[in-house]
Amino acid sequence: MRGCAVLTSIGYSMLRMCLIRLFMSGLAVSWSAAIGCGGRTEKNEPPIVVDFTESKLPAEKSAPPDSLKPLNVAIAGVISPKETFVYYEEMIQYISAKMGRPIKFVQKKTYEEVNVLIGRNEIDFAFVCSGAYAEGRSRHGMELLVVPVIQGEPFYQSYIITHKTSPIHRFEDFKGRSFAFSDPLSNSGYFYAVNRVHGLGSTVDEFFSKTVFTYAHDYSIQMVAKRIVDGACIDGLIYEYLKTFHPDRIEDIRIIGKSEKFGIPPVVVPWAIDVRTKQSIQNVLLEMDRDPDGKEILSKLLIDKFQLGDESNYASVKPIRNR
Amino acid sequence: MKRFSLPLFWKFTIALTGIVTIFGTVNVVLIWREVYEPLGQELESRGLFIARNLASQAVAPMLYDDVVTLQKLIDNVREIDSTIEYIFILNGGKEVTAHSFQDAVPPALIAANTVLPGKETNIRSIIPSERRDYVIRDMAVPILDGRIGAVRIGLAEKPIRDKVQETINIFFLMVGAFLTIGIAGAFVFA
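Residues numbered from 1 in each chain as written. Chains lettered and ligands numbered in written order. Predicted model: local features only at pLDDT ≥ 70, side-chain atom pairs only at ≥ 80, totals over all residues. Heavy atoms only, no water.

A look at the overall build of chain B
Of the regular secondary structure elements, chain B holds four helices and five strands. Its helices and strands taken in sequence order, chain B reads α-α-β-β-α-β-β-β-α from the N to the C terminus. For chain B, the C-alpha radius of gyration of 26 Å lies well beyond 16 Å, the compact-globule estimate for 190 residues. Expressed along its principal axes, the backbone C-alpha trace of chain B runs to roughly 90 × 35 × 30 Å. Buried positions account for 43% of the 190 residues belonging to chain B. For chain B, long-range pairs separated by at least 24 residues make up 57% of all intrachain contacts whose partners lie at least 6 apart in sequence. Summed over all atoms, the accessible surface of chain B reaches about 10600 Å², with 61% contributed by carbon and sulfur. (Helix = DSSP H or I, 4+ residues; strand = E, 2+ residues; numbered from the N terminus. Rg over C-alpha atoms; globule rule 2.2 N^0.38 Å. Buried < 20%, exposed > 50% of the residue type's maximum accessible area, 1.4 Å probe, protein only. Contact = heavy atoms within 4.5 Å. Areas by Shrake-Rupley, 256 points an atom, 1.4 Å probe, with all protein chains shown as cover.)

Comments concerning a nonpolar patch on the surface
A cluster of nonpolar side chains, contributed by Phe4, Leu6, Trp10 and Ile14 of chain B, occupies part of the molecular surface with about 460 Å² of accessible area. Inspection of the secondary structure puts phenylalanine 4 of chain B in the segment before helix H1 (8–63). (Patch = residues over 30% accessible without salt bridge, like charges linked within 9 Å, V, L, I, M, F, W, Y side chains within 5 Å. Salt bridge = Lys/Arg side-chain N within 4 Å of Asp/Glu carboxyl O.)

Points about unusual backbone geometry
Not every positive phi belongs to a glycine, and leucine 302 of chain A is a case in point at roughly 60 degrees. When you line up the elements, leucine 302 of chain A lands in the loop between helix H10 (292–300) and strand E14 (305–307). Non-glycine residue aspartate 145 of chain B carries a positive phi angle of around 55 degrees. Along the chain, aspartate 145 of chain B falls in the loop between strand E4 (136–143) and strand E5 (149–156).

Topic: the confidence of the model for chain A
All names here are of chain A. Across chain A, pLDDT averages 84, with 81% of residues at or above 70. Within the model, the stretch residues 1–8 combines pLDDT values under 50 with zero contacts to residues more than four positions away or in other chains. Low pLDDT, under 50, characterises residues 26–42; the predicted model gives this stretch 23 contacts beyond four residues in sequence or across chains. (pLDDT = per-residue confidence, 0-100.)

Overview of the packing of aromatic side chains
Overall, the coordinates contain 33 aromatic pairs over all chains when judged by the stated rule. A ring pair is formed by phenylalanine 171 of chain B and phenylalanine 172 of chain B, whose centres lie 6.2 Å apart and whose planes are at 50 degrees; its orientation type is tilted. When its relative accessible area of 16% is taken as the criterion, phenylalanine 171 of chain B is described as buried. Each member of the aromatic cluster is reached from another via a ring pair, and the members are Phe171, Phe174, Phe179, Phe181, Tyr190, Phe191, Phe207, Phe208, Phe213 and Tyr215 of chain A. (Phe/Tyr/Trp six-rings, centres within 6.5 Å; stacked < 30°, edge-to-face > 60°.)

Considering the pairing of strand E1 (residues 84–91) of chain B
Consecutive side chains along a regular strand alternate between the two faces of the sheet. Residue and element names in this part refer to chain B. Along E1, six of the eight residues are buried, which leaves the element largely enclosed by surrounding structure. In terms of strand pairing, E1 meets E5 through seven bridges, oriented antiparallel. Across the sheet, residue leucine 90 finds its bridge partner in E5, namely alanine 150. Examined bridge by bridge, E1 and strand E2 (residues 96–99) share three bridges and lie antiparallel to one another. Its bridge partner lying in E2, leucine 90 is registered against valine 96. Counted along the chain from E1 to the antiparallel partner E2, the turn is four residues long, and its residue lysine 94 has a positive phi close to 60 degrees. (Pairing = 2+ DSSP bridges.)

Regarding empty space enclosed by the protein
Residue and element names in this part refer to chain A. Applying the stated criterion across every chain yields a total of one cavity of 30 Å³ or more. Ile79, Glu83, Asp218, Ile238, Tyr241, Leu242, His246 and Arg249 together form the lining of the largest cavity. The biggest single contributor to the lining of the largest cavity is helix H8 (residues 236–245), with three residues. Of the residues that constitute the lining of the largest cavity, the class distribution is four nonpolar, one polar and three charged. (1 Å grid on protein atoms, 1.4 Å probe; cavity = no way out; pocket = protein on both sides within 12 Å on 5 of 7 lines; lining within 4 Å. Points joined across faces, edges and corners; volume = space filled by probe spheres on them. Nonpolar A, V, L, I, M, F, W, Y, C, P; charged D, E, K, R; others polar.)

Some remarks on the confidence of the model for chain B
All names here are of chain B. Chain-level statistics for chain B give a pLDDT mean of 88 and a share of 98% at 70 or above. The secondary-structure element of chain B with the lowest mean pLDDT is helix H4 (residues 158–189), recorded at 86, while E4 shows the highest, at 95. Two summary scores accompany this predicted model of the complex, namely pTM at 0.70 and ipTM at 0.75.

Quick notes on the layout of surface pockets
Where empty space is left becomes clear once a probe the size of a water molecule has been rolled over the atoms. Roughly 1300 Å³ of volume is contained in the largest pocket. Along the wall of the largest pocket there are 45 residues; nearest its centre are Asn91, Gly92, Gly93, Arg147 and Ile148 of chain B. Put simply, the parts of the chain that give the lining of the largest pocket at least two residues each are helix H2 (81–99) and strand E3 (103–108) of chain A together with H1, E1, helix H3 (107–112), E4 and E5 of chain B. Looking at the lining of the largest pocket residue by residue, the classes come out as 22 nonpolar, twelve polar and eleven charged.

Rendered as structure tokens:
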């Protein structure tokens, strides 16, 4: 009996010890799991208390003096809006710094919209396409300010392109095929191809099975590269720019023809612009290649320099009437 | 000296209650970390996906100054996701171009979050002053590397807090049930 009681007592003590150990080890394991798991670092920044009922608009800023009023520069969408912004951003910042005035970047989807803004004198200067200039110089009252010189000349060409594996080798082979134009006022992206079709004694609707407007030369290239259309006519300057800086974007296309040389897309001002403003924008652009910073920006855009424009260079640009 | 001795039933009851309380507390912490954090991360991933998508689609309308298209983009996103508290788009000058608020965007909210140069995003927690228990995760994503503006989107944490609370409630129910069974067992076997 006594031995039995001793054994019971020993067993009870062992059971108690085991329970305490189990409890302690379980607690330790769980606590370390709670501390160590989960993993994500907590954000150190405290929450911000915001009054959502406060919705007053900030006070209107007073109008800046005339000398600090931003100049408005319009860029016709030769390339996609994002590419256009990236392409022109540094040049616009440079002009702004040189003139000591902020410049507001105005982009429009179509050349016509830019022409209308120039006609309304809502723009101080604009980078337009040769076709838009030829069409709008008298209608919207625009004047040549300067022109870029690329590879030693103020001229450019329209390129007719197709997919590199396409059986098309001549412009005439596009009969019954689909074709992409860039803009209804684009010389290289519309006028040239339409004039070629007219030269063949046909019309666009009769000649092509389907046509689309892409509103940017790089979109036209993309559509040909992806075989969405059989061909397109594009600005040769854009092609050369892509060939230099983004060769992968033109690797699937083939040039099947080039146009004669046309006057290069110019920088224009509205007729009604203040003479002093016109003069200072012109001076900054004309002197850009003589300034190291300006030269660097120009070289990134493959532009040699800016020079005064010659109206006669645009005589061969033939807008399509009665579209 | 007479040694104070508790009846076996009470010993079992106190031990069980202690163990269950300690393990329960530890497990609540674990549940919070293991459920709340991943759900929070998922909320952020979803918010950033929407904001980046919107930032990409907003480039052309921002450059064309096409506020109608920007507003349509915001309205469409809100229509398909009701957990979005707000969305607004700021231009390069930190002015609101389009937004989802009834009236105007609270000025303090505009200033509450910004994407630092060189960063791809920034996330801050926002607490409305009139509702301190409500947390919104505000995500800021730059448009065209921040050169032309930023998208801001606010997602409420409430759905994930509700989900975590639901899990904890189930856990407490289970703990209570086990404790009752344990005490009943102690009563029977003591």
